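# Reading the structure
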Amino acid sequence: MPTLRNSDPSRADEAFARILATPGMTTFLLETDVTACASCVLNIIPNLTRGAKPYGVIENIVTHAEYCGRGYGLVVLRHTLLAHAWDEGCYKVLLMTGQPEIRGFYETGGFDAGAKHAMLARRPTALYPITATGSISTSSSGTASASTPISVLVGRLSGPKKALSSSMIPAR
C-alpha cells in the first residue's frame with residue numbers, strides 16, 4: 001500500500017489510483033527483489049507552442065531511506081528522461097526542488113539549475129472572493145477599449161466553476 005507524506009494514510013490508495021488513471025502522468029518505480037527503492041512521477045503536458053511538442057514536469061523523486069546514496073534515484077530519474085520523456089517528444093522537462101543541498105543530484109541527472117527561474121504559488125489557507133471592476137469592448141479595428149462590462153469565471157472548464165464578482169480590465 002502506498003503512503004502519503006504529511007497526510008491521512010487512509011487516502012493513499014485513492015490518491016494512488018487517481019495518479020495511475022491520469023492521462024499523461026506516469027509513475028516509474030525501481031525495485032530490487034520485492035523492495036521499492038526509488039520512484040519518480042512524470043507529467044507530459046500537451047503544448048501549443050514549440051511546434052506543438054509537449055513538455056514534461058517531474059515530481060516526487062523519492063528514494064527509500066535504506067537505499068539513499070546508492071544511485072537508485074539517479075537511475076530512475078535518467079530512465080524517466082531517456083526512456084519516456086524524450087521518446088514522447090518532449091522538448092523540455094522541468095522539475096523544482098525545495099532542497100538546494102541536493103541540486104547537484106539533479107545536475108548529475110541532466111538538469112541545468114540556471115536555465116530557468118521557477119516561481120511557486122501556494123494555495124492560501126483561507127480562500128477569499130476577488131472583486132474588481134472593469135469593462136471591455138472591441139472596436140471595428142479589433143482593439144480593446146473600456147466600455148462593455150464583462151465577467152470572469154474561475155475554475156476548470158470541465159468541472160465546477162466559481163464566479164467572481166466582476167472582471168479586472170483597467171480603463172484607458
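## Regarding the overall build of the chain
Scanning the chain from terminus to terminus reveals three helices and eight strands. Overall, the chain shows an N-to-C arrangement of helices and strands of α-β-β-β-α-β-α-β-β-β-β. Evaluated residue by residue, the chain yields a buried proportion of 19% over its 172 residues. Partitioning the contacts of the chain with sequence separation of at least 6, the portion at a separation of at least 24 is 44%.

## With respect to the sheet that holds strand E3 (residues 55-63)
Sheet architecture is open: four strands sit in the order E1-E2-E3-E4, paired in mixed fashion. Among the strands making up the open sheet, the edge pair consists of strand E1 (25-32) and strand E4 (93-95). Across the sheet, the mean angle separating the axes of adjacent strands is 25 degrees when strand polarity is ignored. Note that E1 and strand E2 (residues 35-45) share eight bridges and pair antiparallel. Bridged to Phe 28 within E2 is Cys 40. Strands in contact with helix H2 (residues 72-85) are E1, E2, E3 and E4; relative to E2, the strand with the most contacts, it is inclined by about 35 degrees.

## Some thoughts on the pattern of salt bridges
The final tally for this structure, using the stated rule, is two salt bridges. Across the pair Arg 18 and Glu 14 runs a salt bridge whose closest N-O atoms are separated by 3.9 Å. Within this pair, Arg 18 and its partner Glu 14 are both found in helix H1 (residues 12-21), separated by four residues, close to a single helical turn. Note that Arg 103 is salt-bridged to Glu 107, the shortest N-O span being 3.5 Å. Placement of both Arg 103 and Glu 107 in helix H3 (residues 103-108) is noted, with a separation of four residues, approximately one turn of the helix.

## Re unusual backbone geometry
The phi angle at Asp 33 is positive, at roughly 55 degrees, despite the residue not being glycine. Along the chain, the position of Asp 33 falls in the loop between E1 and E2. On the basis of relative accessibility, which here comes to 78%, the residue Asp 33 falls in the exposed class. Unlike most non-glycine residues, Asn 60 shows phi in positive territory, near 55 degrees. Along the chain, the position of Asn 60 falls in strand E3.

## Topic: the packing of aromatic side chains
Scanning all chains against the criterion turns up two aromatic pairs. Between Tyr 67 and Tyr 72, the aromatic rings sit 5.3 Å apart at their centres with planes inclined by 90 degrees, giving edge-to-face as the arrangement. On the basis of relative accessibility, which here comes to 21%, the residue Tyr 72 falls in the partly exposed class. Considering the side-chain rings of Phe 105 and Tyr 106, the 5.0 Å spacing of their centres and the 75 degrees angle between planes classify their relative orientation as edge-to-face. In this structure Tyr 106 comes out as buried when scored by relative accessible area, which is 10%. Sitting over the face of the ring of Tyr 55, Lys 92 holds its NZ or CZ atom 5.6 Å from the ring centroid.

## What about the nonpolar core?
Judged by nonpolar contacts, the single largest core of 14 residues is most densely connected at Leu 42, Ile 58, Val 93 and Phe 111. When residues no more than four places from it in sequence are discounted, the contact partners of Phe 111 are Ile 58, Leu 77, Leu 81, Val 93, Leu 94, Leu 95 and Tyr 106.

Definitions and limits used
- Residues numbered from 1 in each chain as written.
- Predicted model: local features only at pLDDT ≥ 70, side-chain atom pairs only at ≥ 80, totals over all residues.
- Heavy atoms only, no water.
- Helix = DSSP H or I, 4+ residues; strand = E, 2+ residues; numbered from the N terminus.
- Buried < 20%, exposed > 50% of the residue type's maximum accessible area, 1.4 Å probe, protein only.
- Contact = heavy atoms within 4.5 Å.
- Pairing = 2+ DSSP bridges.
- Axes fitted to C-alpha atoms, helices over the stretch in contact; angles between N-to-C directions.
- Salt bridge = Lys/Arg side-chain N within 4 Å of Asp/Glu carboxyl O.
- Phe/Tyr/Trp six-rings, centres within 6.5 Å; stacked < 30°, edge-to-face > 60°.
- Lys NZ or Arg CZ within 6 Å of the ring centre and 35° of its normal.
- Core = buried A, V, L, I, M, F, W, Y, C linked by side-chain atoms within 4.5 Å.

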